Amino acid sequence: FGEVQEAYEHLGGYTLEAQARDVLHGLGFKDDQIDGDVGALSGGWKMRVALARVLLGRPDVLLMDEPTNHLDLESINALNIALQRYDGTVLLVTHDHDVIDEVATRIWHFHGGKVEDFKGPYEEYAAYEEARAAQSAASTARPGSPRSAVSS
């Protein structure tokens with residue numbers, strides 16, 4: 001029993017409830033919600049409970065695929081804050097440019113069988129991509145050359 005108790009203490013078992021409350025408060029929960037029935041919560045709040053559960057496990061890496069789908073704005077904001085505070089690595093697959101801008105410090109864009117690595121916020125990446133696309137369009141459209149051909 002002593003060994004099990006020591007392992008439980010080493011893993012933070014005695015402080016788990018306090019840690020859970022801290023994480024849940026950070027995700028916007030009030031004490032009455034924490035102590036209430038999870039089944040009575042909306043989908044967005046249940047997502048926050050699931051995120052709290054993951055964060056309490058202290059993983060080194062979070063893999064998230066479109067985490068903002070079906071969430072309300074308040075839940076998205078809570079997710080952004082939680083991910084900004086997260087100490088580990090987050091690999092996030094999303095089309096939500098606002099979340100990328102809020103959370104990402106590095107962007108990997110997969111397109112045409114290639115991977116482009118960009119360090120910085122999404123807003124800078126979008127401006128870079130727009131300038132590159134304009135340059136590419138200008139270099140392929142030569143004066144006097146037809147863009148399409150018709151044969152008979």
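Below you will find a few notes about this structure. All figures in this text were calculated on a predicted structure; none of them were measured in a lab.

A word on helix H2 (residues 16-26)
Inspection of H2 places Ala20, Arg21 and Leu24 among the buried residues, and these make up the whole buried set. Taken down its axis, H2 places every buried residue within 100° of arc, on the same side. Tucked into the core, H2 has its buried residues touching helix H3 (31-35) and helix H4 (43-56). Of the residues one or two after H2, Gly28 is the one with positive phi, at around 95°.

A short note on the pattern of salt bridges
If you walk through the whole model with that rule in mind, you get 7 salt bridges. Across the salt bridge formed by Glu17 and Arg21, the nearest N and O atoms sit 3.7 Å from each other. Within this pair, Glu17 and its partner Arg21 are both found in helix H2, separated by 4 residues, close to a single helical turn. Here Arg132 ties to Glu116 by a salt bridge, and the two come within 3.2 Å at their closest N and O atoms. With Arg132 in helix H7 (residues 122-140) and Glu116 in strand E4 (residues 114-119), this pair connects stretches of sequence that are 16 residues apart. For Glu116, a relative accessible area of 15% translates into the label buried.

Regarding the packing of aromatic side chains
Applying the stated criterion across every chain yields a total of 5 aromatic pairs. Among the aromatic residues, those joined into a cluster by ring pairs are Phe118, Tyr122, Tyr125 and Tyr128. Against the face of Trp45 rests Arg48, its NZ or CZ located 3.8 Å from the ring centre.

Quick look at the nonpolar core
Counting residues in hydrophobic clusters, the biggest one holds 20 residues, and the most contacted among them are Phe29 and Leu51. By residue number, the principal contributor to this core is H4, which donates 5 residues. When neighbours within four sequence positions are excluded, Phe29 is seen to be in contact with Leu24, Ile34, Leu41, Trp45, Arg48 and Val49. In terms of nonpolar packing, the next biggest core, distinct from the first, is built from 5 residues, Ile107, Phe118, Tyr122 and Tyr125 among them.

Digging into the packing of H2 against H4
At a minimum axis distance of 10 Å, the contact between H2 and H4 shows a crossing angle of 130°. Considering the angle they form, H2 stands oblique to H4. The two elements H2 and H4 cross, and the hand of that crossing is right-handed. On H4, the residues touching Leu16, Gln19, Ala20, Val23 and Leu24 of H2 are Ala52, Leu55 and Leu56. Tallied by class, the residues present in the contact of H2 with H4 amount to 7 nonpolar, 1 polar and no charged.

Some details on the side chain of Glu66
With respect to the helices and strands, the residue Glu66 is situated in the loop between strand E1 (61-65) and helix H5 (73-85). Lacking a salt bridge, the buried Glu66 has Arg48 as its closest oppositely charged neighbour, with an N-O distance of 17 Å. A distance of 3.3 Å separates a polar atom in the side chain of Glu66 from a polar atom in the side chain of Thr94.

Notes on the pairing of strand E3 (residues 106-111)
Consecutive side chains along a regular strand alternate between the two faces of the sheet. Inspection of the sheet shows E3 paired to E4 by 6 bridges, in the antiparallel sense. Bridge assignment links His109 to a residue of E4, and that residue is Glu116.

Conventions and cut-offs
Note on numbering: residues in each chain are counted from 1, in written sequence order. Restriction of local features to residues with pLDDT of at least 70 applies here, the model being predicted, together with a cutoff of 80 or more for giving and counting side-chain atom pairs; totals for whole chains, interfaces and linings are based on all residues. Side-chain metrics rest on all non-hydrogen atoms present in the structure, leaving aside hydrogens and water. Think of it in three bands: with a 1.4 Å probe and only protein chains considered, a residue is buried below 20% of the maximum accessible area for its type, exposed above 50%, and partly exposed in between. Counting from the N terminus, the helices are the DSSP runs of H or I reaching at least four residues and the strands are the DSSP runs of E reaching at least two. This arc corresponds to the set of directions leading from the helix axis out to the C-beta atoms. Contacts: residue pairs with any heavy atoms within 4.5 Å of one another. In the sections that follow, a salt bridge refers to a side-chain nitrogen of Lys or Arg positioned within 4 Å of a carboxyl oxygen of Asp or Glu. Any pair of Phe, Tyr and Trp rings, taking the six-membered ring for Trp, is counted once the centres come within 6.5 Å. Such a pair is stacked with planes under 30 degrees apart, edge-to-face with planes over 60 apart, and tilted for the rest. Charge-over-ring contacts are defined here by two conditions on Lys NZ or Arg CZ: a distance within 6 Å of the ring centre and an angle within 35 degrees of the ring normal. The nonpolar core is taken to be a set of buried Ala, Val, Leu, Ile, Met, Phe, Trp, Tyr and Cys residues, with the residues joined through side-chain atoms within 4.5 Å. The convention used is that axes are lines fitted to C-alpha atoms, helices contributing only their stretch in contact, and that angles between N-to-C directions extend from 0 to 180 degrees. Any angle from 65 to 115 degrees is called roughly perpendicular, while one under 35 is roughly parallel, one over 145 is roughly antiparallel, and all others are oblique. Definitions for this section: a left-handed crossing has its near helix turned counterclockwise from the far helix by less than a right angle. A right-handed crossing has that turn clockwise. Under the scheme applied here, ten amino acids are nonpolar (Ala, Val, Leu, Ile, Met, Phe, Trp, Tyr, Cys and Pro), four are charged (Asp, Glu, Lys and Arg), and all others, including Gly, are polar. Here the positive residues are Lys and Arg and the negative ones are Asp and Glu; neither His nor the chain ends is included. Pairs of N or O atoms are called polar contacts if they sit within 3.5 Å, as long as, within protein, a hydrogen donor faces a hydrogen acceptor (for residues adjacent in sequence, only side-chain-to-side-chain pairs). Pairing between two strands requires that DSSP report at least two bridges joining them.

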